[in-house]
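Below are the chains, spelled out letter by letter.
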Amino acid sequence: MKYVDCFRALARQRTDQIVVTSAGNSGQAWWAATRDSEATFYLDASMSLSTMFASGLALARPELKFWAFMGDGAFCMNPGMLMVERQMNLPNLTHFLVSNRVYGATSNAGLPNFEQNDYPAIARAMGLERVLEFRSIDALERDFAALAPSNVAGHTFVVLEVEPFSAQEQKLEQPPFDGPELKFRFGRHVEARTNCDVFGYRL
Amino acid sequence: MNDKPSSAVAPRIAEELAKCDVRLVASLPDNWLMDLIEAIDRDRRFTHVRVNREESAIGLCSGAYMGALGSAALMGASGFMTVIYAITKINYTYEIPLFLLLTLRGGVGDHHKHHISNGLYLRPVLDAINMPYRIIDQPSDISQISRCYHHTRTFARPMAVLLTRNLLRGSHA
């Protein structure tokens, strides 16, 4: 399935989830699909840390639900993150692994072992139980509701098999925020949703 | 010189962290830190997360900050040397506070030759990225930990405390 179409389909399914994107294509695609400037943290150039960042958030704010996107390029850099995620087992976190079999942010350079990497099997081998995989928009539209149950223990791992960005899609706008602006927009949103105090003072 | 065993120091450091409202501690081991890691792990005031690599601790603690949860990352000097990219990209770009407790390896009294590089380069690397630090060498210095933690919140960037062998193992260990 097309990367951006997949993200548009997910955006249609989104209710109140807070989102963390990874470097490169997932940030571009989510920005194109949503133009969300408050409830999404575009964690640019984190090289494999988007789901750890989201895990910290999800631990801190159990009353909220979090979606974290990560490309398989980032995943290859730090697959051991799944051990930490499994250990934390946060029920309010969904980890979306966006598999396009390339380093999308760097001109679609190939990943090591890209033809054999079996991400759902890797996740299951680390003890994750709620592992899903989508290869088409139709399947995503039809079955995504299976993710919704709130009384299921443990965090969720979803593999999205997508096509790499085309040359035209590589030109999609990057989320335009300076870092501190994004921090405050996002943090104020979290504060408003939960009545917590992120920055030490409330507006 | 301090000759108290680390078993007396570790609970005091844990207490200092708790006083700052630190509730999440992400750790990777260093032999000098084992008493402290075990003290944190036993202490129900903390959620202790053993992470797979030091960068994961940076991500985890940074996210926790954005959710208003106090946190600290605990690691050895060698591990810290692997996280410069993560810190500069996340904590400097977005100005997200981060509090680190590191071992000051490679100094006088550290018998391990494989830490010579940390003795040579840890502090120059901290200086190179303009990251403030304080050396905690004596039990009487432990109260500096909360001041440093609060400084990260004012400074909106990372700061480290460097825990010495003298503090963690005693001068005669």
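Look up a bit, the structure's there.
Presented here is an overview of the structure given in this document. The residue numbers shown here count from 1 along each chain, following its written sequence. Working convention: letters from A go to chains and numbers from 1 go to ligands, in the order in which they are written. Totals for whole chains, interfaces and linings use every residue, but because this is a predicted model, local features are given only for residues with pLDDT of at least 70 and side-chain atom pairs only at 80 or more, for both listing and counting. As a convention, hydrogens and water are excluded, and side-chain values are obtained from all of the structure's heavy atoms.

## Description of the interface of chain A and chain B
When the parts of a complex come together, some accessible area is lost, and that lost area is often taken as the interface size. Our working rule: Contacts are assigned to residue pairs with any non-hydrogen atoms lying within 4.5 Å of each other. By buried area we mean how much accessible surface two parts lose on assembly, using a 1.4 Å probe and totalling the loss over both. Within this document, salt bridges are pairs made up of a side-chain nitrogen of Lys or Arg and a carboxyl oxygen of Asp or Glu, the two lying within 4 Å of each other. Polar contacts, as used here, are pairs of N or O atoms within 3.5 Å; protein pairs need one atom able to donate a hydrogen and one able to accept it. Residues neighboring in sequence count only if both atoms are side-chain atoms. Put simply, DSSP H or I for four residues or longer makes a helix, DSSP E for two residues or longer makes a strand, and each gets a number counted from the N terminus. Side-chain classes follow a simple rule in which Ala, Val, Leu, Ile, Met, Phe, Trp, Tyr, Cys and Pro form the nonpolar group, Asp, Glu, Lys and Arg form the charged group, and the remainder, Gly included, forms the polar group.
Contact residues are listed per partner, giving 35 residues for chain A and 28 residues for chain B. Buried surface at the junction of chain A and chain B, both sides included, amounts to about 2,400 Å², of which 67% is carbon and sulfur. On the chain A side of the interface with chain B, the three residues burying the most area are Leu49, Phe53 and Lys183 of chain A, jointly 21% of the side's total. Joining chain A to chain B, the criterion identifies zero salt bridges. Where chain A meets chain B, there are eight residue pairs in polar contact (both at pLDDT 80 or more). Mapped onto the side of chain A that touches chain B, the elements with two or more residues apiece are β2 (40-42), α3 (50-60), α5 (81-88) and α8 (179-194) of chain A. Of the residues that constitute the side of chain A that touches chain B, the class distribution is 22 nonpolar, nine polar and four charged.

## Focus on the packing of aromatic side chains
All names here are of chain A. Here is the rule we go by: Here a Phe, Tyr or Trp ring, Trp counted by its six-membered ring, pairs with any other such ring whose centre lies within 6.5 Å, and the pair is stacked when the planes are under 30 degrees apart, edge-to-face when over 60, and tilted otherwise. Buried means the residue's accessible area, taken with a 1.4 Å probe over protein chains only, is under 20% of the maximum for its type, while exposed means over 50%, and partly exposed covers the values in between.
Summed over the entire model, instances satisfying the criterion amount to 21 aromatic pairs over all chains. Ring geometry for phenylalanine 41 and phenylalanine 186: centres 5.3 Å apart, planes at 90 degrees, overall edge-to-face. Residue phenylalanine 41 is found in strand β2, and its partner phenylalanine 186 is found in helix α8; the two are separated by 145 residues along the sequence. Overall, phenylalanine 41 belongs to the buried group, its relative accessible area being 0%. Since its relative accessible area comes to 0%, phenylalanine 186 is described here as buried. Aromatic pair phenylalanine 75 and phenylalanine 157: ring centres 6.4 Å apart, planes at 45 degrees, arrangement tilted. Here phenylalanine 75, found in helix α4 (residues 72-77), pairs with phenylalanine 157, found in strand β8 (residues 156-161); they are 82 residues apart in sequence, far enough to count as distant.

## Topic: the side chain of serine 99 of chain A
Residues and elements named next belong to chain A. With respect to the helices, strands and loops of the structure, serine 99 is situated in strand β4 (residues 93-99). Note on serine 99: relative accessible area 0%, which makes it buried. Residue contacts for serine 99: discarding those within four places in its chain leaves Asp72, Tyr119, Val159, Leu160, Glu161 and Val162.

## Describing the pattern of salt bridges
Residue and element names in this part refer to chain A. For the coordinates displayed, the defined rule picks out 21 salt bridges over all chains. A salt bridge links arginine 35 to glutamate 173; the nearest nitrogen and oxygen atoms lie 3.3 Å apart. Taken together, the residues arginine 35 in the loop between α2 (25-34) and β2 and glutamate 173 in the loop between β8 and α8 connect sequence positions 138 residues apart. Between arginine 188 and glutamate 191 there is a salt bridge whose closest N-O contact spans 2.8 Å. With arginine 188 and glutamate 191 both in helix α8 and three residues apart, this pair spans about one turn of that helix. Residue arginine 188 is classed as buried on the basis of its relative accessible area, which comes to 17%. Among the ionic contacts, a cluster of salt bridges with common partners joins Arg188, Glu191 and Arg202.

## Some points on the side chain of threonine 194 of chain A
All names here are of chain A. As for its placement among the helices and strands, threonine 194 is situated in helix α8. Judged by its relative accessible area of 15%, threonine 194 falls in the buried class. A distance of 2.8 Å separates a polar side-chain atom of threonine 194 from the backbone oxygen of valine 190. If sequence neighbours within four positions are ignored, threonine 194 has contacts with Arg61, Glu63 and Leu64.

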